[in-house]
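Read off the chains here:
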Amino acid sequence: MALNEEIARRRTFAIISHPDAGKTTLTEKLLLFGGAIHVAGAVKSNKIKKTATSDWMEIEKQRGISVATSVMGFNYGDYKINILDTPGHQDFAEDTYRTLTAVDSVIIVVDVAKGVERQTRKLMEVCRMRNTPVIIFVNKLDREGRDPFDILDELESELKISVRPLSWPINIGEKFKGVYNIYENSLDLFTPDKQRVSERVEIESVDDPRIDDAVGDKDAAKLREDLELIEGVYPEFDKEAYLRGQVAPVFFGSALNTFGVKELLDCFVKIAPAPKPVMAEEREVKPQEEGFSGFVFKIHANMDPNHRSCIAFVKICSGKFERNAPYKHMRLGKTLKFAAPTAFMAQKKSIVDEAYPGDIVGIPDTGNFKIGDTLTSGETIHYKGLPSFSPEMFKYIENADPMKSKQLDKGIQQLMDEGVAQLFTNQFNGRRIIGTVGQLQFEVIQYRLEHEYGAQCRWEPISLYKACWIESDDAEALAAFKKRKHQFMATDREGRDVFLADSGYVLQMAQNDFPKIRFHFSSEF
Ligand code: G4P
């Protein structure tokens, strides 16, 4: 198959949700449709979230399993689908942010009873930053929940995106009867069954009397009324607006009962984008270009502490990737060959000879890669650094074993390369501060420093509200700010200036007092 065709048939995306909305269940059902697994219950990746936070066995298990489920590739009809897994536990949200830089679109799962929850709101912000096309799946229609029109309003206001229903439920909870597929003008009746697909009623249009026969006169009348309202309120679905990230099509269903999932998948492959051009520092790179290029968006440490080997996950952006071909590692300026790149198909990890834009290859590594590194077949291209967001929790990290300070330094450096957390160095006193999204990350760092590097660390409290990257066109204003706030100035790993604000009030005052300084809450500006 020609490169163009390989690209056109690829759909690389992530499913995101607040924990428990049904991401794992939906992922599993998509894999069932793709024939990648044969029984439900095969994907148990993010079960860690349901266990106590300090359960080390579970964390280790998670790290082991999540290599296998990091990327799930399968064929569906003419399409090659790559689902990128994101961690279930919200303390690892930073990983999810990075994964979102490697996908071409996103499916958001929302629980019909709970509506938009905190994590979903945050992840949507990341999608908005990059205009990532989003499809929303409202899940658990077999349970009592909110009125679908209310849910649509909430999606619009909370996720700050226009929505357009492409399917519509007939009742919910105990009375749930089925879903009318607006996109294809068809009707699917609900049969609660975890393995079987729903029953389809052939209809001509929404006025077809067979709808009345199937769901009863009353519900058929209500459906027609609802659909009329939808057509009146929501503009017709505009695929281009979806591709620009301006409107999100909405589907309703029940992942657990495999209901509404096929409708979602069938529409998804038709409308979701194939790999798109990517803006590098030097120029825009098109997937169809002959020269290979890609970037590392995730590094997975090996479970075996004696061999500090990792897998670097490379998203292919252009050209064809070939095993054993010489590729240039931009940051190191070295040419490397990869003898054992792996790909992930139908839940199996195997060595691949070639891969195409949209695909992810796993490259075994012993320390050559950092998150954000670019590989090319020769041309100088640097994909823009992946964004870091202001962490939410901060602690000083101190050496608890003076004999092992080298090990500690190395451990911290490598864990940061892997993107486990963010490191800031206070410009005033040189103390190191680790910033994370959740408490669990501190525990993981301490555990891994000890088990993989033989180093002991101690955490000391620091009360901070946010870290913001600062810049200004006015060098004097910048110098004045840094002088005034010298105790709160830090440097990130790239040497950029970061202001550590200890409260929202202090941050607001700083913004008022120094209008020439720009404050950024993500490192991508
Ligand atoms: P997550 O990955 O987003 O965290 O959610 P997950 O799929 O693990 O689903 C969370 C819980 O919601 C699971 O129940 C799952 O079975 C249930 N669920 C998912 N989809 C539906 C649905 O359409 N209808 C109903 N009624 N429930 C659904 P659990 O009891 O927490 O776990 P399990 O023991 O069933 O695995």
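So, here's what we can say about the structure.

Reading guide: rules and limits
- Residues numbered from 1 in each chain as written.
- Predicted model: local features only at pLDDT ≥ 70, side-chain atom pairs only at ≥ 80, totals over all residues.
- Heavy atoms only, no water.
- Helix = DSSP H or I, 4+ residues; strand = E, 2+ residues; numbered from the N terminus.
- Contact = heavy atoms within 4.5 Å.
- Areas by Shrake-Rupley, 256 points an atom, 1.4 Å probe, with all protein chains shown as cover.
- Pairing = 2+ DSSP bridges.
- Axes fitted to C-alpha atoms, helices over the stretch in contact; angles between N-to-C directions.
- Expected span 1.5 Å × (residues − 1).
- Buried < 20%, exposed > 50% of the residue type's maximum accessible area, 1.4 Å probe, protein only.
- Polar contact = N/O pair within 3.5 Å; in protein donor to acceptor, adjacent residues only side chain to side chain.
- Salt bridge = Lys/Arg side-chain N within 4 Å of Asp/Glu carboxyl O.
- Phe/Tyr/Trp six-rings, centres within 6.5 Å; stacked < 30°, edge-to-face > 60°.
- Lys NZ or Arg CZ within 6 Å of the ring centre and 35° of its normal.
- Core = buried A, V, L, I, M, F, W, Y, C linked by side-chain atoms within 4.5 Å.
- Arc of directions from axis to C-beta.

Considerations on the overall build of the protein
Right, on to step 1. Scanning the protein for helices and strands turns up 14 helices and 31 strands.
Right, on to step 2. Sequence-distant contacts in the protein: of pairs separated by 6 or more residues, those separated by 24 or more amount to 72%.
Right, on to step 3. Here the protein displays about 22300 Å² of accessible surface, and carbon together with sulfur accounts for 49% of that area.

Considerations on the sheet that holds strand β30 (residues 497-501)
Right, on to step 1. The 8 strands are arranged β27-β24-β26-β25-β29-β30-β28-β31 in an open sheet whose pairing can be described as antiparallel. Every interior strand has two partners, whereas the edge strands, β27 (457-461) and β31 (518-520), have only one. Each neighbouring strand pair of the sheet contributes to a mean axis angle of 40°, computed without reference to strand direction.
Right, on to step 2. By the bridge criterion, 4 bridges tie strand β25 (residues 422-426) to strand β26 (residues 432-436) in an arrangement that is antiparallel. From the neighbouring strand, glutamine 422 faces β26, where its bridge partner is glycine 435.

Details of helix α6 (residues 148-159)
Right, on to step 1. Here α6 spans 16 Å end to end across 12 residues, near enough to the 16 Å set by a 1.5 Å rise per residue.
Right, on to step 2. Taken together, the buried positions of α6 are occupied by Pro148, Phe149, Ile151, Leu152, Glu154, Leu155 and Leu159.
Right, on to step 3. Its side-chain oxygen 3.0 Å from the backbone nitrogen of phenylalanine 149, aspartate 147 forms the N-cap of α6.
Right, on to step 4. Immediately beyond the C-terminal end of α6, within one or two residues, lies lysine 160, with a positive phi of roughly 50°.

Points about the sheet that holds strand β7 (residues 167-170)
Right, on to step 1. Across the sheet, 4 strands lie side by side as β7-β8-β9-β10; this open sheet has antiparallel pairing. Sheet topology places β7 and β10 (199-201) at the edges, where each strand pairs with a single neighbour. Within the sheet, the average angular offset between the axes of one strand and its neighbour, ignoring direction, is 25°.
Right, on to step 2. Pairing geometry for β7 and strand β8 (residues 178-181), over 4 bridges, is antiparallel. By the bridge assignment, proline 169 is partnered in β8 with valine 179.
Right, on to step 3. Along the sheet face, helix α8 (residues 217-233) touches β7 and β8 and points at about 150° away from the line of β7.

Let's talk about the pattern of salt bridges
Right, on to step 1. Using the criterion set out here, one finds 37 salt bridges in the structure.
Right, on to step 2. A salt bridge links lysine 140 to aspartate 111, with the shortest nitrogen-to-oxygen separation between them at 3.5 Å. Placement of lysine 140 in the loop between β5 (134-139) and α6 and of aspartate 111 in strand β4 (residues 105-111) is noted, with a sequence separation of 29 residues between them.
Right, on to step 3. A residue is classified by how much of its surface remains accessible, and aspartate 111, at 4% relative accessible area, is buried.
Right, on to step 4. In this structure, glutamate 392 and lysine 122 form a salt bridge, with 2.6 Å as the shortest nitrogen-oxygen distance. Here lysine 122 lies in helix α5 (residues 118-129) and glutamate 392 lies in the loop between β23 (374-376) and β24 (393-399), a separation of 270 residues in the sequence.

Quick notes on unusual backbone geometry
Right, on to step 1. Within the chain, aspartate 20 stands out as a residue other than glycine whose phi angle is a positive 85°.
Right, on to step 2. Mapped onto the elements, aspartate 20 comes out in the loop between β1 (10-17) and α2 (23-33).
Right, on to step 3. Non-glycine residue asparagine 131 carries a positive phi angle of around 50°.
Right, on to step 4. Given the relative accessible area of 46%, asparagine 131 is considered partly exposed.

What about the packing of aromatic side chains?
Right, on to step 1. Scanning the model with the defined rule gives 21 aromatic pairs in all.
Right, on to step 2. With a centroid separation of 5.1 Å and an interplanar angle of 80°, the aromatic rings of phenylalanine 481 and phenylalanine 499 are classed as edge-to-face. Of this pair, phenylalanine 481 sits in helix α13 (residues 475-484) while phenylalanine 499 sits in strand β30, placing them 18 residues apart in sequence.
Right, on to step 3. By relative accessible area, phenylalanine 481 is classed as buried at 0%.
Right, on to step 4. Aromatic rings pair up to connect Phe481, Phe499, Phe514 and Phe519 into one cluster.
Right, on to step 5. The side chain of lysine 298 reaches across the aromatic face of phenylalanine 313, ending 5.8 Å from its centre.

Quick notes on the nonpolar core
Right, on to step 1. Core analysis: the biggest nonpolar cluster contains 65 residues, and Leu100, Ile108, Ile136, Val138, Leu152, Leu155 and Trp168 have the highest contact counts within it.
Right, on to step 2. A total of 5 residues in this core trace back to one element, the largest contributor, which is α6.
Right, on to step 3. In contact with tryptophan 168, not counting residues within four places along its chain, are Pro148, Phe149, Leu152, Gly178, Val179, Tyr180, Ile182, Leu223, Asp226, Leu227, Ile230 and Phe252.
Right, on to step 4. Among the nonpolar cores identified, the runner-up in size contains 31 residues, and Ile83, Leu166, Phe268 and Ala272 belong to it.

A look at α13
Right, on to step 1. Among the residues making up α13, those that are buried are Ala477, Leu478 and Phe481. Along the axis of α13, the buried positions cluster into a sector of 100°, meaning they face one direction only. Turned more than 90 degrees off the buried face of α13, the exposed positions are Ala475, Glu476 and Lys483.
Right, on to step 2. On its buried face, α13 sits against β28 (466-471), β29 (489-491), β30, α14 (504-513) and β31.
Right, on to step 3. Its side-chain oxygen 3.0 Å from the backbone nitrogen of glutamate 476, aspartate 474 forms the N-cap of α13.

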